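Commentary on secondary and tertiary structure
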Amino acid sequence: MMRRLILWAAIACATLAAPLRAEIDGHGPDAWRVTGVAADDVLNMRMGPGTRYLVIDSLPPNARGLQQVTCVPLLIPSIYHKLTEAQRNALPQRWCLMRTGEFAKAGWVAQRFLMEDVGLPTDRTTVERSEIPVHQSGDAMIDAAARLVGDLYAAFEGQSGAAQNPFNPIQATQFFFAGITPDLAGHGADVLYDAQDFQGRITRIAADPDQPMLRGMITINVDFINFGQADRAVFRLRADTAQSGAPVRIFRVEHDGWSFPQ
């Protein structure tokens, strides 16, 4: 009983601070899921943000629909991008206070085991998300955008049928602005690789080092090698107010000499 009182007191205090953080950070994902945990393991939920705190519960490796209350340390873009590389490297591991949708469980978990829950199929076998080299900047909003782009590549490569194609009208709004989804018909590899065929590997997905975010627009670079040639796709993302909760979505993809939408 005492443990529950302490836990929910912490949630209550963090919830009071959450509106301020949301106002500063902008729109965030509506739901989160566990990632990077082995199928025969669990993700520990702790009483506080760090391994020195007691484990009070756990989440299965396929847990979905999680709600984020707050994270520490607080990394707003205006502060994070003023830090030197050495200061960024010295930042402690980020922890987030999470709860399940029905309030049955709540506790602190390491942020590296969380990703935006965009309803992707869980039976992908060709390419797993863990194989996509997504670089984390330490900014929650920018990192969520980078993971979304990584998930788009993983979903496209791992599809086992037309229903799982992230460019089809049903799946597309999980990645793209609702307003451009009708134009995605017939597209796929050309948008991702500037080619109809791909034989190579993605080397890095990361926020643009010079201007990762400007006036709400996030820029994510995807570096890859296709048929032995190095190439890059540039993704532009921002909050899509036409979708419920205004999630961050892709509204433009640029390659050398052309872009989508044109």
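First things first, this report covers the structure right here in the doc. (Residues numbered from 1 in each chain as written. Predicted model: local features only at pLDDT ≥ 70, side-chain atom pairs only at ≥ 80, totals over all residues. Heavy atoms only, no water.)

What to know about unusual backbone geometry
- Looking along the chain, the bond that leaves V72 and enters P73 is cis, with omega of -5°.
- Cis geometry is adopted by the peptide bond preceding P261, which originates at F260 and carries an omega value of -5°.
- Of note, R215 is a non-glycine position whose phi angle comes to about 50°, a positive value.
- Within the secondary structure, R215 sits in the loop between β9 (213-214) and β10 (217-226). (Helix = DSSP H or I, 4+ residues; strand = E, 2+ residues; numbered from the N terminus.)

So, the layout of surface pockets
- Each pocket or cavity is described by its volume, and for the largest pocket that value is around 820 Å³.
- Lining the largest pocket are 36 residues, and of these Y80, H135, Q136, S137 and G138 sit closest to its centre.
- Each residue belonging to the lining of the largest pocket can be placed in one class, and the counts come to 13 nonpolar, twelve polar and eleven charged. (1 Å grid on protein atoms, 1.4 Å probe; cavity = no way out; pocket = protein on both sides within 12 Å on 5 of 7 lines; lining within 4 Å. Points joined across faces, edges and corners; volume = space filled by probe spheres on them. Nonpolar A, V, L, I, M, F, W, Y, C, P; charged D, E, K, R; others polar.)

Observations regarding the pairing of β10
- Counting buried positions over the ten residues of β10 gives eight, a clear majority of the element.
- Where strand β8 (residues 200-207) lies against β10, seven bridges are found, and the strand directions are antiparallel. Bridging from a neighbouring strand, R201 pairs with I225 of β10.
- By the bridge criterion, two bridges tie β9 to β10 in an arrangement that is antiparallel. Looking at the pairing, L214 lines up with M217 of β10.
- The antiparallel hairpin formed by β9 and β10 contains two residues in its connecting segment, where R215 sits at a positive phi of about 50°.
- Pairing analysis gives nine bridges linking β10 to strand β11 (residues 229-239), with the strands arranged antiparallel. Following the sheet pairing, N226 is matched in β11 by Q229.
- Hairpin connection from β10 to β11: two residues lie between these consecutive antiparallel strands, with F227 at a positive phi of about 50°. (Buried < 20%, exposed > 50% of the residue type's maximum accessible area, 1.4 Å probe, protein only. Pairing = 2+ DSSP bridges.)

Re the environment of I220
- Relative to the helices and strands, I220 is located in strand β10.
- Overall, the relative accessible area of 0% leaves I220 in the buried class.
- In the structure, I220 is positioned 72 residues away from L148 in sequence and 10.0 Å away in space, judged by C-alpha atoms.
- I220 has contacts with I142, A145, A146, V149, I205, A206, A207, A233, V234, F235 and L237, leaving out every residue within four places of it along the chain. (Contact = heavy atoms within 4.5 Å.)

Description of the pattern of salt bridges
- By the definition in use, this model includes six salt bridges.
- With its nearest N and O atoms 3.3 Å apart, the salt bridge here joins R249 to E116. Residue R249 is located in strand β12 (residues 248-255), and its partner E116 is located in strand β7 (residues 114-116); the two are separated by 133 residues in the primary sequence.
- Residue R249 is classed as buried on the basis of its relative accessible area, which comes to 7%.
- By relative accessible area, E116 is classed as buried at 7%.
- It is possible to trace a salt-bridge network through shared partners that takes in R236, R252 and E254. (Salt bridge = Lys/Arg side-chain N within 4 Å of Asp/Glu carboxyl O.)

Re the state of the cysteines
- This structure, assessed with the given rule, holds one disulfide.
- With a sulfur-sulfur separation of 2.1 Å, C71 is cross-linked through a disulfide to C96. Across the disulfide from C71 to C96, rotation about the S-S bond amounts to roughly 105°, and the bridge is consequently right-handed. Here the residue C71 occupies a position in strand β4 (residues 67-72), and C96 occupies one in strand β5 (residues 95-99), the gap between them amounting to 25 residues. For the pair C71 and C96, one class covers both residues: buried. (Disulfide = S-S within 2.5 Å.)

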